[in-house]
Each structure stands twice: as C-alpha cells, then as structure tokens.
Amino acid sequence: MGKAPSLGLALSSGAARGLAHIGVIKVMEEEKIPIDFIAGSSMGALVGVLYSAGIPLQVMECLAVSLDKRKWTDWKLSGLGAMGGNKVHDLLRLLLRNKTFQDVKIPVSAVATDLIHGELVEIKEGPLVPAVMASIAVPGIFPPVKHQEKMLVDGGVLCRVPVQQARNLGAEVIVAVDVGGLIQEAHIGNFFDVVSQSISIMGREIMKNQLNQADILVCPDISGIGLTQFQKAETCILEGEKAARKVLPELQRLL
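Undergrad: So what exactly am I meant to see when it comes to the pattern of salt bridges here?
TA: Per the counting criterion, the structure on display carries seven salt bridges. Ionic pairing is found between Lys 26 and Glu 61, a salt bridge with its closest N-O pair at 3.3 Å. Here the residue Lys 26 occupies a position in helix 1 (residues 20-30), and Glu 61 occupies one in helix 3 (residues 57-66), the gap between them amounting to 35 residues. By relative accessible area, which is 22% here, Lys 26 ends up partly exposed.

Undergrad: Please clarify how helix 3 should be interpreted in this entry.
TA: Those residues of helix 3 not exposed but buried are Leu 57, Met 60 and Ala 64. Viewed end-on, helix 3 has its buried residues packed into an arc of 65°, placing them on one side of the element. Relative to its buried face, helix 3 has exposed residues pointing more than 90 degrees away, namely Gln 58 and Ser 66. On its buried side, helix 3 packs onto helix 1, helix 2 (43-52) and helix 8 (233-254).

Undergrad: Teacher, can you tell me more about the nonpolar core here?
TA: Generally speaking, nonpolar side chains in soluble globular proteins are found buried as a group. The biggest cluster of nonpolar side chains holds 69 residues, and the ones touching the most others in it are Leu 92 and Val 175. At eight residues, the largest contribution of residues to this core is made by helix 8. Not counting residues within four places of it along the chain, the set of residues in contact with Leu 92 comprises Leu 46, Leu 50, Arg 97, Val 129, Val 132 and Met 133. In this structure, Val 161, Ala 176, Leu 211 and Ala 214 belong to the second largest nonpolar core, which totals 12 residues.

Undergrad: Just to check I follow, could you spell out the packing of helix 4 (residues 86-96) against helix 5 (residues 128-135) for this structure?
TA: For any two helices packed against each other, the geometry comes down to the angle between their axes and how far apart the axes lie. Between helix 4 and helix 5, the least distance of the axes is 10 Å, while the angle of their chain directions is 140°. As summarised for this structure, helix 4 and helix 5 are arranged oblique, according to the angle between their axes. Taken as a pair, helix 4 and helix 5 cross one another with a handedness that is right-handed. On helix 5, the residues that touch Val 88, His 89, Leu 92, Arg 93 and Leu 96 of helix 4 are Leu 128, Val 129, Val 132 and Met 133. When the residues that make up the contact of helix 4 with helix 5 are grouped by side-chain class, the tally is seven nonpolar, one polar and one charged.

Undergrad: Mind showing me how you'd approach the environment of Ile 22 here?
TA: Residue position: Ile 22 is located in helix 1. For Ile 22, a relative accessible area of 3% puts it in the buried group. Taking the C-alpha atoms as reference points, Ile 22 and Gln 58, separated by 36 residues in sequence, lie 9.4 Å from one another. Not counting chain neighbours up to four residues away, the residues in contact with Ile 22 comprise Val 47, Leu 57, Met 60, Glu 61, Ala 64 and Ile 237.

Undergrad: Before we go on, may I ask you to explain the side chain of Glu 239 in this structure?
TA: Checked against the element boundaries, Glu 239 lands in helix 8. You can call Glu 239 buried: its relative accessible area is 15%. Excluding residues within four positions of it along the chain, Glu 239 makes contact with Pro 220, Asp 221 and Ile 222.

Parameters at a glance
Residues numbered from 1 in each chain as written. Predicted model: local features only at pLDDT ≥ 70, side-chain atom pairs only at ≥ 80, totals over all residues. Heavy atoms only, no water. Salt bridge = Lys/Arg side-chain N within 4 Å of Asp/Glu carboxyl O. Helix = DSSP H or I, 4+ residues; strand = E, 2+ residues; numbered from the N terminus. Buried < 20%, exposed > 50% of the residue type's maximum accessible area, 1.4 Å probe, protein only. Arc of directions from axis to C-beta. Contact = heavy atoms within 4.5 Å. Core = buried A, V, L, I, M, F, W, Y, C linked by side-chain atoms within 4.5 Å. Axes fitted to C-alpha atoms, helices over the stretch in contact; angles between N-to-C directions. Parallel < 35°, antiparallel > 145°, perpendicular 65-115°, else oblique. Left-handed = near helix turned anticlockwise from the far one by under 90°. Nonpolar A, V, L, I, M, F, W, Y, C, P; charged D, E, K, R; others polar.

Put into structure tokens, the structure is as follows:
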C-alpha cells in the first residue's frame, strides 16, 4: 500500500460557533485519523494553535464549557477596541507559555488581515500568542495587533475558511470546517454580534469559490447559536462531533 495523503484542516472563524472545531478534532482523534497540518482563521486559529501546541482536547473542552466569561472579557470603551484584550492575552500566555511556531507538534498557520495594506497575512513563525491575538482581533472589539510593520485584525475579514492556507502548508487532502457562514435569522443581541455577523455576511461571497477547493466540507448545525453565546459551548462541540461523523466514510475513502 502507498503512503496515505497528508491531511490538512482549515478551521473557520465564527466566534462561539467556532468551539465546534473541538468536536471535529475530537472525532478525528477517536478514529485515529492523523492531522498533518492546520490552518485557522480567528476562532479556528485559536483552537488550531492550542491543539497544535499540544494542549489536550479534554483541557480545551473543559475550558470552553466551564470558563467564566468574566475571566476573559475586559470591556473598555476607548482606544482602538471595545475590549482591552489583556485578559485573553494572559489566558493564552498561561496555556502556551513562550512557545513559538517552531515548538508545535503539528505545523499550523494563523490567518489575519493587514489593515494598512488590505492584505491577507499567514503567520507561520515567531511566538504563538501574538499570532492568535492578531487572528481573533475582531475589528471594533479587540485592538489591532502590530506585527512586522503591519496592523493586524481578524482573519475572517478576508478569509473565513483558510482552505488555500492549509494547502500552502503542504496538505494534500483538505477538510474545511465552516461554522461562520450566513445564518438565517441569526441571533443578534449585542454590539459584538452586529460586528461579527457583518463580517460573516461579507465573507460568504468572498469564500464561495475557495470552499469548492476543499476535498471535504464539514458544516456543523449551529444555526440556533449566537456568535456570543459561549455558554452553549457544549452544544457547539457536540454538533461538531455529529458533523464530523457524517463525513467519516468519505474521509476514510480519500485517505
């Protein structure tokens, strides 16, 4: 038998809905399907980088389900964002320490958007924490992150599902997990919902052709979950598992 093709995950943006990525990876672990590369945008970058750095899925799931929102939110209506981002930064530092992209177990890239040049940026080297902070910096919510003379914000602005970025890492078979598409009758309850849903709507048209380049598309059924409903983490993760199991036969055939 020949060697199985390398597998890459392209994990989308989607705020709270992005916790479904944990469920998708959970199924792959249970089925002993090796993940060779991960590219993530926004919440997809956060989940992808943590997993690539060796954080156990059980720890990620426990944090997602039980972490009090007050532990990572620091609202301040000034500067370049409604949140300071310091609590999120401190939490990431606690989990990732001083790890860099050279320290990860699975090659990974975090996708961000450069505000100055209006370009997509793939971060694949340097420290992990600022890369994740840049990729999750929803415009107007978190302040932009300065990186190599660039001012970076959420990767979902230009690339909701980083399919090509997973292929750029070297993946031959791409599994795209899309949790951030346009949700009919979406729950809009606050300023964060307005901004995030606006980005999702813009990204829908941008991503139409790119999604066709994925070998397998996983779309968890999370239509009833709002972008800021992190209290529904358990449901998101479960729906991620369900969606992953639906595509298992096709994925196993490809591999």
